[in-house]
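Here's the letter readout for the chains.
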Amino acid sequence: MADTEAVVLVGGKGTRLRPLTISAPKPMLPTAGLPFLTHLLSRIRAAGIRRVVLGTSFKAEVFEEHFGDGSDLDLDISYVVETEPLGTGGGIRNVLPELTASTVMVFNGDVLGGTDLREILALHRAKHADLTMHLVRVSDPRAFGCVTTDDDGRVQEFLEKTQDPPTDQINAGCYVFRRELIEQIPEGQPVSVERETFPQLLGEGRRVYGFVDSAYWRDMGTPEDFVRGSSDLVRGIAPSPALDGLAGEALVHEGAGVGAGAVLVGGTVVGRGAEIGAGARLDGAVVFDGARIEAGAAVERSIVGFGARIGHRALVRDGVIGDGAVIGARCELLRGARVWPGVEIPDGGIRYSTDM
Ligand code: GDD
Ligand code: MG
């Protein structure tokens, strides 16, 4: 695949995953024990692509510190930093000087998927397309780019985040570009590929095709999706070439301790050096390195940040607990609660019920 290079957009601020994204950019959050981006990069490598350029902005340095020249993943990775975020289109245009191939595969950096990327490239070639986009069907398209196609799979309309979606077919965040199209994106200014470039290319009558499939797909941008995607990786529902065949109820990392009678189910992940107390119940929990869940506590469909502590018999359901935060004994945190890093909630300090 020497004529194809990859670009991964990782410059977003990850606001919907705050407070976890205060300390780490979204694509670097641990997912089934690896920085999320590792799963995507391994999939790119598995498709035979070696050269990858990361378009960074927010917390740019973290990526290079971790992935270096890419050789650990048998990739050749380079980095281009936007001092001011240039948006998705501006980000793609900005990395152009680093690209030499005639075909460029562009990825949103927060998508967990199972599609064989070679199939998308094959369709792009078969259709002699200028641009081919990966499309998937979802039950609620309003949070995505909505894309209509004709019987031949040619894209008719691209509507970013519309309240009145004409189809359930959405942009899956992976595109194959003919290099010339990227050259046409205006340089050095913010551009949205979804709101500007795509509608413009369609208006010019360019050959834009959609590749639709039903392989695993999830945008990891919200706490619900992050928890679900992580659980799916652990249970083997979401494939990743970076993991060899996980398929269990829980993944407990090196140096973690699990007390007697603790129950770990639903694709729970326990990070390195984390401690789970006796009789605790973790269902679909993502517990980062060094966190502590005390005896009898319950954590359901929630993320517990680095070094955070959940007290004795506390309950956290559908919550995000920031790094180093302390949730006191018997507290109840439900329905999308987010606790900022380092915040300490005293024992019994937040409850949804009156019985203690
Ligand atoms: N380099 C760079 N610069 N990257 C950026 C910037 C920027 O200014 N802004 C966002 N990104 C990166 C993010 O880091 C992320 O990996 C990707 O671009 C997409 O941004 P999100 O913020 O996650 O967008 P979204 O999820 O709301 O919507 C996008 O993805 C959907 C599929 O997951 C759109 O492309 C939708 O059309 C699409 O359906
Ligand atoms: Mg996203």
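Throughout this description, residue numbers start from 1 for each chain and increase along the sequence as written. Going through the entries in the order they are written, you letter the chains from A and number the ligands from 1. Where local features are concerned, this predicted model is filtered to residues with pLDDT of at least 70; where side-chain atom pairs are given and counted, the filter is 80 or more; whole-chain, interface and lining totals use all residues. The basis for the side-chain values is all heavy atoms of the structure; hydrogens and waters are excluded.

Under the convention used in this document: UniProt positions are given in the numbering used here, feature names are shortened, and annotations may be inferred rather than shown by experiment.
Per an unreviewed UniProt entry, the recorded name for the protein chain is GDP-mannose pyrophosphorylase, and the organism is Dietzia lutea. Check the Sequence similarities (unreviewed entry) section of the UniProt entry for the protein chain; it says "Belongs to the transferase hexapeptide repeat family."

Some words on the packing of aromatic side chains
Heads up, the condition is: Here is the rule: rings of Phe, Tyr and Trp (six-membered ring for Trp) pair when centre to centre is within 6.5 Å. Planes less than 30 degrees apart are stacked, more than 60 are edge-to-face, and the remainder are tilted. Segments assigned H or I by DSSP are reported as helices when at least four residues long, segments assigned E as strands when at least two residues long, and all are numbered from the N terminus. Accessible area is worked out with a 1.4 Å probe on protein chains only. A residue is then buried under 20% of its type maximum, exposed over 50%, and partly exposed in between.
Under the criterion given, the structure shown has six aromatic pairs. Note on phenylalanine 158 and phenylalanine 198: the rings are 5.0 Å apart at their centroids and 55° apart in plane angle, and the pair reads as tilted. Taken together, the positions of phenylalanine 158 in strand S10 (residues 155-160) and phenylalanine 198 in helix H7 (residues 193-203) put the pair 40 residues apart, joining distant regions of the chain. By relative accessible area, which is 1% here, phenylalanine 198 ends up buried. Here a set of aromatic residues connected by ring pairs shows up, and it is made of Phe158, Tyr175, Phe177 and Phe198.

Digging into the site of ligand 1
Keep this limit in mind: Residues are labelled near a given molecule or strand when at least one of their non-hydrogen atoms is within 4 Å of it. Distance and chemistry together define a polar contact, namely a pair of N or O atoms within 3.5 Å, with one atom able to donate a hydrogen and the other to accept it when in protein, and with adjacent residues in sequence counting only for side-chain atoms on both sides. All accessibility values rest on the Shrake-Rupley procedure with a 1.4 Å probe; residue burial counts only the protein chains present in the view.
Close contacts around ligand 1 come from 26 residues, with Glu82, Glu160, Asn171, Glu194 and Asp219 the closest. The contact in question runs from an oxygen atom of ligand 1 to an N or O atom on the side chain of aspartate 110, over 2.8 Å. Here glutamate 160 contributes a side-chain N or O atom positioned 2.6 Å from an oxygen atom of ligand 1. For ligand 1, whose unbound accessible area comes to 740 Å², protein coverage reaches 90%.

Some remarks on the coordination of the magnesium ion (ligand 2)
As a reminder, the rule being used: Only nitrogen, oxygen and sulfur atoms qualify as donors, provided they sit within 2.8 Å of the metal or within 3.2 Å for Na, K and Ca; with water excluded from the atoms, sites may seem incomplete.
Every protein donor of the magnesium ion (ligand 2) is accounted for by Asp110 (OD) and Asp219 (OD), and the metal-donor separations fall at 2.1 to 2.3 Å. Placement of aspartate 110 in the loop between strand S6 (103-108) and strand S7 (111-113) and of aspartate 219 in strand S13 (residues 217-219) is noted, with a sequence separation of 109 residues between them. A relative accessible area of 9% means that aspartate 110 is categorised as buried.

Some words on helix H8 (residues 223-234)
This is how the line gets drawn: Given the number of residues in a helix, its expected span is that number minus one, multiplied by 1.5 Å.
Here H8 spans 17 Å end to end across 12 residues, near enough to the 16 Å set by a 1.5 Å rise per residue. Most of H8 is tucked away: nine of the 12 residues are buried. Looking only at H8, the buried set comprises Pro223, Phe226, Val227, Gly229, Ser230, Ser231, Asp232, Leu233 and Val234.

As for unusual backbone geometry
Most of the time, phi is negative for any residue but glycine, and the peptide bond is trans. That bond from arginine 18 to proline 19 is cis: its omega, 10°, falls within 30 degrees of zero. You can see proline 19 is positioned in the loop between strand S1 (4-9) and helix H1 (20-23). The phi torsion at histidine 128 lies on the positive side, around 50°, for a residue other than glycine. As for its position among the elements, histidine 128 is in the loop between helix H5 (117-126) and strand S8 (131-137). One non-glycine residue, aspartate 318, lies in positive phi territory at about 55°. Assignment of secondary structure puts aspartate 318 in the loop between strand S25 (315-317) and strand S26 (320-321). Residue classification places aspartate 318 among the partly exposed positions, given a relative accessible area of 27%.

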